[in-house]
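Fold and contact review
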Amino acid sequence: MMPQESIELFERFAQGLLSDKEVLEFEAKLSFDSEFKSHYDQYLALENDLKLHFQKNSLKKKLINTDAIIDHKISHSLLRKKIYITISIAAGIALFIGIYQSSSNSADNISELWPYEEGLPVRMGEKVLYQTATNAFKLGEWSRAISLFEKIDSDTSYYFRAISHYELNEFTEASNLFLHVSKESIYHQDAELRLAIIYALEGKDIFAKNILIKISENKQHKHYKLALRILKNI
Amino acid sequence: MYEKENEIIQKISQGMEGPLIDIYSLYRDEFILWSTKHYTINEEQSKDLFQDAIIDFQRNIQTGKLKVLTSSIKTYLFQIAKFKVINFIKRESRQTYIDDIELIKGERNAYILEEEKQYKLDDIAKAISKLPDDCQTLLKLYYYKEYDMSSIARELNYKNSDTAKAKKSVCMKKLIVELSKISKILIL
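Just so we're clear, the structure is a prediction, and the values are computed from it rather than from any experiment. (Residues numbered from 1 in each chain as written. Chains lettered and ligands numbered in written order. Predicted model: local features only at pLDDT ≥ 70, side-chain atom pairs only at ≥ 80, totals over all residues. Heavy atoms only, no water.)

What follows is about the interface of chain B and chain A. Tallying the contact residues gives 51 residues for chain B and 39 residues for chain A. Buried surface at the junction of chain B and chain A, summed over both partners, amounts to about 4,500 Å²; 63% is from carbon and sulfur atoms. For the interface between chain B and chain A, the tally reads 10 salt bridges. The interface formed by chain B and chain A includes 15 residue pairs in polar contact (both at pLDDT 80 or more). Contributing elements (two or more residues each) for the side of chain B that touches chain A: α2 (18-38), α3 (43-62), α4 (73-92), α5 (108-129), α6 (133-143) and α8 (161-182) of chain B. A total of 10 residues in the side of chain B that touches chain A trace back to one element, the largest contributor, which is α8(B). Taken together, the residues of the side of chain B that touches chain A sort by class into 26 nonpolar, 10 polar and 15 charged. (Contact = heavy atoms within 4.5 Å. Buried area = accessible area lost by both parts, 1.4 Å probe. Salt bridge = Lys/Arg side-chain N within 4 Å of Asp/Glu carboxyl O. Polar contact = N/O pair within 3.5 Å; in protein donor to acceptor, adjacent residues only side chain to side chain. Helix = DSSP H or I, 4+ residues; strand = E, 2+ residues; numbered from the N terminus. Nonpolar A, V, L, I, M, F, W, Y, C, P; charged D, E, K, R; others polar.)

Here you go:
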């Protein structure tokens, strides 16, 4: 245990309360008394740790407050979601009755049939470039995602670049890239369907129909039902 | 490549806390999802550990250990936070987790030392909490706000700066007594 008189002396030294003679004695003791020196080092370390402790505490409190704000927003948005879901269900029922009664052939908006692409999971330890690109994609930073994926030559890169271009309404670039996704790729079927949607949106109905008919005839195709649905709308 | 992120580091090194709060808000939920899926921790523990990672991130920048990033902030933070989770689990002795961990620049050993320092800071936190309120305030004003003794005397209604100095000396003695009761590492 550090002696109380040493603590007193360290404090007085730090506060500049020692006389010139006492300072000299203090410094001399530091050089020949190893135990005293060790206590002084511990005292200085403690001062440094105190600074760290208070700094840490201050930031921690701010982060806890941030938690409260984020969690409040989430619970608020969940409540709003519940309200929206209720309204949506009611609206959906009304719409269904309306459609049924009028037997109208109102078409789905084709662009609304564009499947949501969540992106691949980002895993720690994967190549930094790939990970950063996937991150940008997930964050909806389309231009950044494109420029990052451009540095990777793979079917996956073509596919995600194509979607990013689509999100930026750059249909020509998007369709060119979807055409590059090879048949061996796990994204090939997705690319086919998305390409058809883009053609339909661009008014290239013949191209769109050709692809969609091909998809709808293949019941093994993951999008064959959706292809049929889009075909009805073209 | 990480110009934007290094700009953020610059701001944090100048003492700004705003970017840290923004980073926390941006990645908190993703970290909670990831950590609670891969480790046996709950949401509250995950939040707490991610906060500690943010604090370490700040400290690494302010002590000059981290000057330029060679990965994204998210990658760097998640690596720190992952270590926090593993050490937390070890500390709680819930499971023995063997993982092939590769900390940025291979600073694993240095990081374990940092974790030991964390124990020390926890002891300091406990010891401070045992002090009377006026001592806690005084030490905070002196070490965190960096007030001089005259300002402390004014703030705490002491007669003058000499009274504040004497009071600080008393508080430090009390703190060291408390620490010696608690601490296993800091042998004072």
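Each pocket or cavity is described by its volume, and for the second largest pocket that value is around 480 Å³. Along the walls of the second largest pocket sit 20 residues, with Glu141(A), Arg144(A), Lys4(B), Glu5(B) and Tyr27(B) positioned nearest its centre. Among the elements that make up the lining of the second largest pocket, the one with the highest residue count is α2(B) (five residues). Looking at the lining of the second largest pocket residue by residue, the class counts come to 10 nonpolar, three polar and seven charged. (1 Å grid on protein atoms, 1.4 Å probe; cavity = no way out; pocket = protein on both sides within 12 Å on 5 of 7 lines; lining within 4 Å. Points joined across faces, edges and corners; volume = space filled by probe spheres on them.)

This part takes up the packing of aromatic side chains. For any pair of aromatic rings, the description consists of the separation of the ring centres together with the inter-plane angle of the planes. Enumeration over the complete set of coordinates arrives at 27 aromatic pairs over all chains. With a centroid separation of 5.3 Å and an interplanar angle of 80°, the aromatic rings of Phe137(A) and Trp142(A) are classed as edge-to-face. Considering the side-chain rings of Tyr159(A) and Tyr187(A), the 4.2 Å spacing of their centres and the 15° angle between planes classify their relative orientation as stacked. Placement of Tyr159(A) in helix α6 (residues 155-167) and of Tyr187(A) in the loop between α7 (171-180) and α8 (188-201) is noted, with a sequence separation of 28 residues between them. With respect to burial, Tyr159(A) and Tyr187(A) carry one shared label: buried. It is Lys29(A) that lies over the ring of Phe36(A); its NZ or CZ is 4.6 Å from the centre. Taking the ring centre of Phe78(B) as reference, the NZ or CZ of Lys74(B) above it sits at 5.5 Å. (Phe/Tyr/Trp six-rings, centres within 6.5 Å; stacked < 30°, edge-to-face > 60°. Buried < 20%, exposed > 50% of the residue type's maximum accessible area, 1.4 Å probe, protein only. Lys NZ or Arg CZ within 6 Å of the ring centre and 35° of its normal.)

What follows concerns the packing of α7(A) against α8(A). Residues and elements named next belong to chain A. Running from N to C, α7 and α8 point in directions that differ by 150°, and their axes come no closer than 9 Å. Considering their axes alone, α7 and α8 lie roughly antiparallel with respect to each other. At the point where α7 passes α8, the crossing takes the left-handed sense. Note on element contacts: α8 touches α7 through Ala-191, Arg-194, Leu-195, Ile-198, Tyr-199 and Leu-201, opposite Phe-171, Ala-174, Ser-175, Phe-178 and Leu-179. Each residue belonging to the contact of α7 with α8 can be placed in one class, and the counts come to nine nonpolar, one polar and one charged. (Axes fitted to C-alpha atoms, helices over the stretch in contact; angles between N-to-C directions. Parallel < 35°, antiparallel > 145°, perpendicular 65-115°, else oblique. Left-handed = near helix turned anticlockwise from the far one by under 90°.)

Within the structure shown, the criterion is met by one cavity of 30 Å³ or more. Computed from the structure, the largest cavity encloses a volume of approximately 40 Å³. Forming the boundary of the largest cavity are Leu52(A), Gln55(A), Lys56(A), Ile55(B), Gln58(B) and Arg59(B). Elements supplying a minimum of two residues to the lining of the largest cavity: α3 (34-102) of chain A together with α3 of chain B. Partitioned by chemical class, the residues of the lining of the largest cavity number two nonpolar, two polar and two charged.

Moving on: the nonpolar core. Nonpolar side chains in soluble globular proteins generally cluster together in the buried interior. In terms of nonpolar packing, the biggest core is built from 39 residues, with Tyr159(A), Phe178(A), Leu193(A) and Ile230(A) touching the most fellow members. Contributions of two or more residues to this core are made by α4 (128-138), α5 (142-149), α6, α7, α8, α9 (205-217) and α10 (224-233) of chain A. Here the element with the most residues in this core is α8(A); it accounts for eight residues. In this view, Ile230(A) contacts Ile110(A), Leu113(A), Leu193(A), Ile197(A) and Leu212(A); residues no more than four positions away in its chain are not counted. In this structure, Leu46(A), Ile128(B), Leu138(B) and Leu141(B) belong to the second largest nonpolar core, which totals 34 residues. (Core = buried A, V, L, I, M, F, W, Y, C linked by side-chain atoms within 4.5 Å.)

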